[in-house]
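The chain contents come next:
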Amino acid sequence: MTNAELILEAKKAREFSYSPYSNHPVGAALLTKSGKIYHGCNIENAGYGPTNCAERTAFFKAVSEGVKDFTAIAIVGGKADGELVFCSPCGVCRQALVEFCDPKSFVVYLGTSKEDYKGYLLEELFP
């Protein structure tokens, strides 16, 4: 799986976002060490607390199936009626990533297209 392909998988996941309050759909594609991809999208709620980010949705799907070995995640987002922008994980998502991933080797890709993306080691985002 190339970085560009992982970005495209995150774009596919974004299509399922439920984001009527922020109008900011986000998609994530979580890559396991075995090469399987878990997709996630943000799922909002009028009561902010029950809202779940795309990154955690992907992680929760994987962990609920017994998978806990990951290599990378791609994240894409932006206004529903606008262009994609670089969307970095929130603090809660960064904490969830650190729970299951090696900060020195796990890579977080933020992208707007398969040609336009940035990669960060998790330790850069959560020192």
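In what follows, the structure referred to is the one given above.
Residues numbered from 1 in each chain as written. Predicted model: local features only at pLDDT ≥ 70, side-chain atom pairs only at ≥ 80, totals over all residues. Heavy atoms only, no water.

S.K.: Mind laying out helix H3 (residues 91-100), listing which residues take part and the relevant values?
M.R.: Taken together, the buried positions of H3 are occupied by Cys93, Arg94, Ala96 and Leu97. Along the axis of H3, the buried positions cluster into a sector of 160°, meaning they face one direction only. Facing away from the buried side of H3, by more than 90 degrees, are the exposed residues Val92 and Glu99. Looking at the buried residues of H3, the elements they touch are helix H2 (54-64), strand E4 (107-111) and helix H4 (122-125). (Buried < 20%, exposed > 50% of the residue type's maximum accessible area, 1.4 Å probe, protein only. Helix = DSSP H or I, 4+ residues; strand = E, 2+ residues; numbered from the N terminus. Arc of directions from axis to C-beta. Contact = heavy atoms within 4.5 Å.)

S.K.: Please provide a residue-by-residue account of the sheet that holds E4, values included.
M.R.: If you walk across this open sheet you meet the five strands as E2-E1-E3-E4-E5, and the pairing is mixed. Looking along the sheet, the strands with just one partner apiece sit at the ends: strand E2 (37-41) and strand E5 (117-121). Between one strand axis and the next, the sheet turns through 20° on average, direction left out of account. Relative to E5, E4 is paired through five bridges, and the arrangement is antiparallel. When the sheet's bridge partners are listed, Leu110 is paired in E5 with Lys118. On top of the sheet, helix H1 (residues 3-14) reaches strand E1 (26-32), E2, strand E3 (70-77), E4 and E5; it is set at about 55° to E3, its chief contact. (Pairing = 2+ DSSP bridges. Axes fitted to C-alpha atoms, helices over the stretch in contact; angles between N-to-C directions.)

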